[in-house]
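Listed below are the residues making up each chain.
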Amino acid sequence: KFPSFYAGQFLSFKIDSKNFRSYSISSSSINNNFITVAIKLIKDGVGSSYFHSLKSGDDVEAYAPSGLFYDENLPANSNRIYIAGGIGITPLISMIKSALDRGDKSDLTLFYGARSFEDLVL
């Protein structure tokens, strides 16, 4: 079982002895049986190349969820408008999934854009 987190927070990972990278959590905060992050492969990117080279069953070192970008303090069932671009969608995916898993009755509106179809997080 993973530590609890607020939708919108991130995890920091140790890549090697001198490199750390942080990635937004993209899974629901309601179900913490697993945590997902979305990592876009960047050519010559230290973190993204490392993660995209991993195989199922490989171990990674991660630190506790942190970050102050979350919407957990908003009143329950309050309408929300989310605006994101490119890979910046990942914390909002977590917020939207969490609201749906909580059974919120609020209106959720998402405005999302990217430079190209290939840059969309699907």
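These figures come from a predicted structure and were not determined experimentally.

Caption draft 1: Structural view of the sheet that holds strand E1 (residues 10-14). Overall, antiparallel pairing links the three strands, which are arranged E2-E1-E3 in an open sheet. In this open sheet, the two edge strands, each paired with only one partner strand, are strand E2 (20-24) and strand E3 (61-62). Two strands pair when backbone bridges link them, and E1 and E3 are joined in this way by two bridges, in the antiparallel orientation. Of the residues in E3, the one forming a bridge with phenylalanine 13 is alanine 62. Against the sheet, helix H1 (residues 46-53) touches E1 and E2, its axis set at about 75 degrees to E2.

Caption draft 2: Structural view of the nonpolar core. In terms of nonpolar packing, the biggest core is built from nine residues, these being Phe5, Leu11, Phe13, Ile15, Tyr23, Ile25, Ile35, Ile39 and Phe51. Filtering out sequence-adjacent residues up to four positions away, phenylalanine 51 remains in contact with Phe13, Ile15, Tyr23, Ile39 and Val60. Among the nonpolar cores identified, the runner-up in size contains seven residues, and Tyr82, Ala84, Ile89 and Ile96 belong to it.

Caption draft 3: Geometry of the layout of surface pockets. In this structure, the largest pocket spans a volume of roughly 210 Å³. In the lining of the largest pocket, the residues fall into nine nonpolar, no polar and two charged.

Caption draft 4: Molecular detail of a nonpolar patch on the surface. On the surface, Ile81, Ile83 and Phe111 cluster together into a nonpolar patch covering about 370 Å² of accessible area. Mapped onto the fold, isoleucine 83 is located in strand E4 (residues 80-85). Isoleucine 83 sits in the exposed class, given a relative accessible area of 69%.

Caption draft 5: Inspection of the pattern of salt bridges at higher detail. Considering all chains together, one arrives at four salt bridges under this definition. Residues arginine 102 and glutamate 72 are paired through a salt bridge, measuring 3.8 Å at the closest nitrogen-oxygen approach. With a gap of 30 residues between them, arginine 102 in helix H2 (residues 90-102) and glutamate 72 in the loop between E3 and E4 connect regions that are remote in the sequence. Between arginine 102 and aspartate 104 there is a salt bridge, and its shortest N-O distance comes to 3.3 Å. Since its relative accessible area comes to 16%, aspartate 104 is described here as buried. Salt bridges here are not isolated pairs; linked through shared partners, they connect Glu72, Arg102 and Asp104.

Caption draft 6: Structural view of the packing of aromatic side chains. Enumeration over the complete set of coordinates arrives at six aromatic pairs. Ring geometry for phenylalanine 13 versus phenylalanine 51: centroids 4.9 Å apart, planes at 75 degrees, classification edge-to-face. Taken as a pair, phenylalanine 13 in strand E1 and phenylalanine 51 in helix H1 lie far apart in primary sequence, 38 residues in all. Accessibility assignment for this pair places phenylalanine 13 and phenylalanine 51 in one class, buried. Here the aromatic rings of phenylalanine 20 and tyrosine 63 are separated by 5.9 Å at their centres, their planes lie at 50 degrees, and the arrangement is tilted. Of the two residues, phenylalanine 20 sits in strand E2 while tyrosine 63 sits in the loop between E3 and E4, which places them 43 residues apart along the sequence. Among the residues examined, tyrosine 63 registers a relative accessible area of 38% and is labelled partly exposed. Grouped by ring-pair contacts, the aromatic residues Phe13, Tyr23, Tyr50 and Phe51 constitute a single cluster.

Cut-off values and rules
- Residues numbered from 1 in each chain as written.
- Predicted model: local features only at pLDDT ≥ 70, side-chain atom pairs only at ≥ 80, totals over all residues.
- Heavy atoms only, no water.
- Pairing = 2+ DSSP bridges.
- Helix = DSSP H or I, 4+ residues; strand = E, 2+ residues; numbered from the N terminus.
- Contact = heavy atoms within 4.5 Å.
- Axes fitted to C-alpha atoms, helices over the stretch in contact; angles between N-to-C directions.
- Core = buried A, V, L, I, M, F, W, Y, C linked by side-chain atoms within 4.5 Å.
- Buried < 20%, exposed > 50% of the residue type's maximum accessible area, 1.4 Å probe, protein only.
- 1 Å grid on protein atoms, 1.4 Å probe; cavity = no way out; pocket = protein on both sides within 12 Å on 5 of 7 lines; lining within 4 Å.
- Points joined across faces, edges and corners; volume = space filled by probe spheres on them.
- Nonpolar A, V, L, I, M, F, W, Y, C, P; charged D, E, K, R; others polar.
- Patch = residues over 30% accessible without salt bridge, like charges linked within 9 Å, V, L, I, M, F, W, Y side chains within 5 Å.
- Areas by Shrake-Rupley, 256 points an atom, 1.4 Å probe, with all protein chains shown as cover.
- Salt bridge = Lys/Arg side-chain N within 4 Å of Asp/Glu carboxyl O.
- Phe/Tyr/Trp six-rings, centres within 6.5 Å; stacked < 30°, edge-to-face > 60°.

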